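# Summary of the model geometry
Here is what each chain is made of, one letter per residue.
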Amino acid sequence: MAPPGPVPRYLLLMAQEHLEFRGPEIKSLLSLFGGHFTSSQETYGKSPFWVLNIPSEDIARNLMKRTVCAKSIFELWGHGKSPEELYSSLKNYPVEKMVPFLHSDSTYKIKIHTFNKTLTQEEKVKRIDALEFLPFEGKVNLKKPQHIFSILEDYGLDPNCIPENPHNIYFGRWIADGQRELIESYSVKKRHFIGNTSMDAGLSFIMANHGKVKENDIVFDPFVGTGKASRKNQKWRGPDENIRANLRQYGLEKYYLDVLVSDASKPSWRKGTCFDAIITDPPYGIRESTRRTGSQKEVPKGIEKCPESHVPVSLSYHLSDMFFDLLNFAAETLVLGGRLVYWLPVYTPEYSEEMVPWHPCLKLISNCEQKLSSHTSRRLITMEKVKIFENRDQYSHLLSDRFLPYQGHNSFREKYFSGVTKRIAKEEKSSQE
């Protein structure tokens, strides 16, 4: 049996948005579709050009059917830091891999994409003409070509210092585009039912991708709100003011299961409940303080059911307690290999990685920051269940070094507004000067 050939190289053209979230999204999706994130590229940083080794074109296409962080993917035929290096690289690319797309019965076109620089039409034509050494035998068709090829030039990230020549030049065959258009079509502005804290559409898709959600998965959101992140809802307000109506708006009503109104600190699920993913945006206590049902007084026994009009007594629900309850719930109810994806609010001056809640059944996969203000941010935490939950695991977090550090964020609301107050005072002072 002949040894397997080298793994094909692909070029990902990434969107320049939510930069920290891009790597974990691509890694999660590749893992979901049977690939691995491998590359000879040392670092990506903020670059929009990523060179990856992907086992097959099918995996590359499946990746693009889900990603909202990548714009396009290309089968990479050549790469160089100068035109000469690019041409040399192309001449070394196996001809047998080119022929199926260049034969006389095919149609094609060549596009030019530049990052951080605009070329004139004359410059574009000159670059295309320089590829005449490639064995193109088909006909040019600019409207409906069978195959699209692209020259992509990278002029760096600084718009105030654009080099004369590109840092890198790539040539490849276009495979597929990502799902960036979904961000607009699912925009909150077009939603029938939204709330004050409805999740941005792009971030909602990123959360689902980090969670490796796939067809027929059961996904749970314990802090559902208007259901932006999970497409569920807590309350019936009217025919167009509920999650079911939102799902109907997008033709997704068949995926709706149900809604449960309950106290997240006291899960009402029976033992053995299994979710494929838990994706949620817990309350931060900014608009309203976080509360849970309970009383300092002794509760009389035998009270199991209350009338619908009953308003239960509530207690403060500290952020640290809420997140460790969430991790315990996920550890107990997720399937093995299932993922928990949630937002963790932090006061930036006091943040350290040791503050991220920990659980023995859950492995930290990624930790991505989104800035909220100069002194606050929230971090998208993705964890995977790697161990079967045991009763002894329920309080193991109390022994962790990470339990006490995050307790300082129980006053996140006060710290958030102290920063806002200082900013307003500073602005008022500067306007008076």
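Use the structure listed above.
From a predicted model like this one, the values you see are computed outputs, not experimental measurements.

## Comments concerning the sheet that holds strand S12 (residues 334-347)
The sheet built from 5 strands is open, its strands ordered S8-S9-S12-S14-S13 with mixed pairing. In this open sheet, the two edge strands, each paired with only one partner strand, are strand S8 (219-220) and strand S13 (362-371). Two strands pair when backbone bridges link them, and S12 and strand S14 (residues 376-385) are joined in this way by 9 bridges, in the antiparallel orientation. Paired with Val341 across the two strands is Thr382, which belongs to S14. Along the sheet face, helix H9 (residues 319-333) touches S8, strand S9 (275-280), S12, S13 and S14 and points at about 170° away from the line of S12.

## Notes on the pairing of S14
Most of S14 is tucked away: 10 of the 10 residues are buried. Alternating residues of S14 divide into Thr376, Arg378, Leu380, Thr382 and Glu384 and Ser377, Arg379, Ile381, Met383 and Lys385, and every residue in both groups is buried. Of the pairings in the sheet, the one linking S13 to S14 comprises 9 bridges and is antiparallel in character. Looking across to S14, one finds that Leu362 is bridged to Lys385. Once S13 ends, the chain turns through 4 residues before running back antiparallel as S14.

## Things to note about the nonpolar core
When a protein is soluble and globular, its nonpolar side chains tend to lie buried together. In terms of nonpolar packing, the biggest core is built from 63 residues, with Leu12, Leu340 and Tyr342 touching the most fellow members. Considering every element that reaches this core, the biggest residue donor is H9, with 8 residues. If sequence neighbours within four positions are ignored, Leu340 has contacts with Ile278, Leu326, Leu327, Ala330, Leu334, Leu362, Ile381, Thr382 and Met383. Ranked by size, the runner-up nonpolar core spans 19 residues in total, among them Trp77, Met98, Phe101 and Leu102.

## Quick notes on the pattern of salt bridges
Summed over all chains, the structure comprises 14 salt bridges. The salt bridge involving Glu17 is made with Arg180; its shortest N-O contact spans 2.8 Å. In this pair, Glu17 sits in the loop between strand S1 (9-14) and helix H1 (19-32) while Arg180 sits in the loop between strand S7 (168-177) and helix H6 (181-185), placing the two residues 163 residues apart along the sequence. Judged by its relative accessible area of 34%, Glu17 falls in the partly exposed class. A single salt-bridge network, built from bridges that share partners, covers Glu57, Arg61, Glu75 and Arg173.

## Concerning the sheet that holds strand S6 (residues 147-154)
As summarised here, the arrangement of the 7 strands in space is S2-S1-S3-S7-S6-S4-S5, forming an open sheet in which the pairing is mixed. Looking at strand neighbours, the two that pair on one side only are strand S2 (49-53) and strand S5 (139-140), the edges of this open sheet. In the sheet, strand S4 (residues 107-115) pairs with S5 via 2 bridges, with the strands oriented parallel. Paired with Tyr108 across the bridge in S5 is Val140. Running over the sheet, helix H3 (residues 83-91) touches strand S3 (70-80) and S7 and is turned about 85° from S3.

## Quick notes on empty space enclosed by the protein
In total, this model carries 1 cavity of 30 Å³ or more according to the counting rule given. Of the volumes computed, that of the largest cavity is approximately 30 Å³. In terms of lining residues, the largest cavity is bounded by Glu17, His18, Val68, Cys69, Arg180, Ile183, Gly202 and Ile206. Here the residues of the lining of the largest cavity sort into 4 nonpolar, 2 polar and 2 charged.

## Notes on the packing of aromatic side chains
Here the structure, examined in full by the defined rule, presents 21 aromatic pairs. Judged by centre distance (5.4 Å) and plane angle (80°), the ring pair of Phe136 and Phe149 falls under edge-to-face. Taken together, the residues span a long stretch of sequence, with Phe136 in the loop between helix H5 (121-129) and S5 and Phe149 in strand S6 at a distance of 13 residues. Like Phe149, Phe136 is buried. Put simply, the rings of Trp77, Tyr93, Phe101, Tyr108, Phe136, Phe149 and Phe171 touch in pairs and so form one group of aromatic residues.

## Thoughts on the packing of H1 against helix H7 (residues 201-210)
It is at 8 Å that the axes of H1 and H7 come closest, and there the two elements cross at 45°. What the angle tells us is that H1 and H7 run oblique. Crossing of H1 against H7: the hand is left-handed. Between H1 and H7, the contacting residues are Phe21, Pro24, Glu25, Ser28 and Leu29 on the first element and Leu203, Ile206, Asn209 and His210 on the second.

## Brief notes about the pairing of S3
The buried fraction of S3 is high, at 9 of 11 residues. Judged from the 5 bridges that link them, S1 and S3 form a sheet pairing that is antiparallel. Bridged to Tyr10 within S3 is Glu75. Pairing analysis gives 8 bridges linking S3 to S7, with the strands arranged antiparallel. What sits directly across from Ile73, in S7, is Ala176.

Rules behind the numbers
- Residues numbered from 1 in each chain as written.
- Predicted model: local features only at pLDDT ≥ 70, side-chain atom pairs only at ≥ 80, totals over all residues.
- Heavy atoms only, no water.
- Pairing = 2+ DSSP bridges.
- Helix = DSSP H or I, 4+ residues; strand = E, 2+ residues; numbered from the N terminus.
- Contact = heavy atoms within 4.5 Å.
- Axes fitted to C-alpha atoms, helices over the stretch in contact; angles between N-to-C directions.
- Buried < 20%, exposed > 50% of the residue type's maximum accessible area, 1.4 Å probe, protein only.
- Core = buried A, V, L, I, M, F, W, Y, C linked by side-chain atoms within 4.5 Å.
- Salt bridge = Lys/Arg side-chain N within 4 Å of Asp/Glu carboxyl O.
- 1 Å grid on protein atoms, 1.4 Å probe; cavity = no way out; pocket = protein on both sides within 12 Å on 5 of 7 lines; lining within 4 Å.
- Points joined across faces, edges and corners; volume = space filled by probe spheres on them.
- Nonpolar A, V, L, I, M, F, W, Y, C, P; charged D, E, K, R; others polar.
- Phe/Tyr/Trp six-rings, centres within 6.5 Å; stacked < 30°, edge-to-face > 60°.
- Parallel < 35°, antiparallel > 145°, perpendicular 65-115°, else oblique.
- Left-handed = near helix turned anticlockwise from the far one by under 90°.

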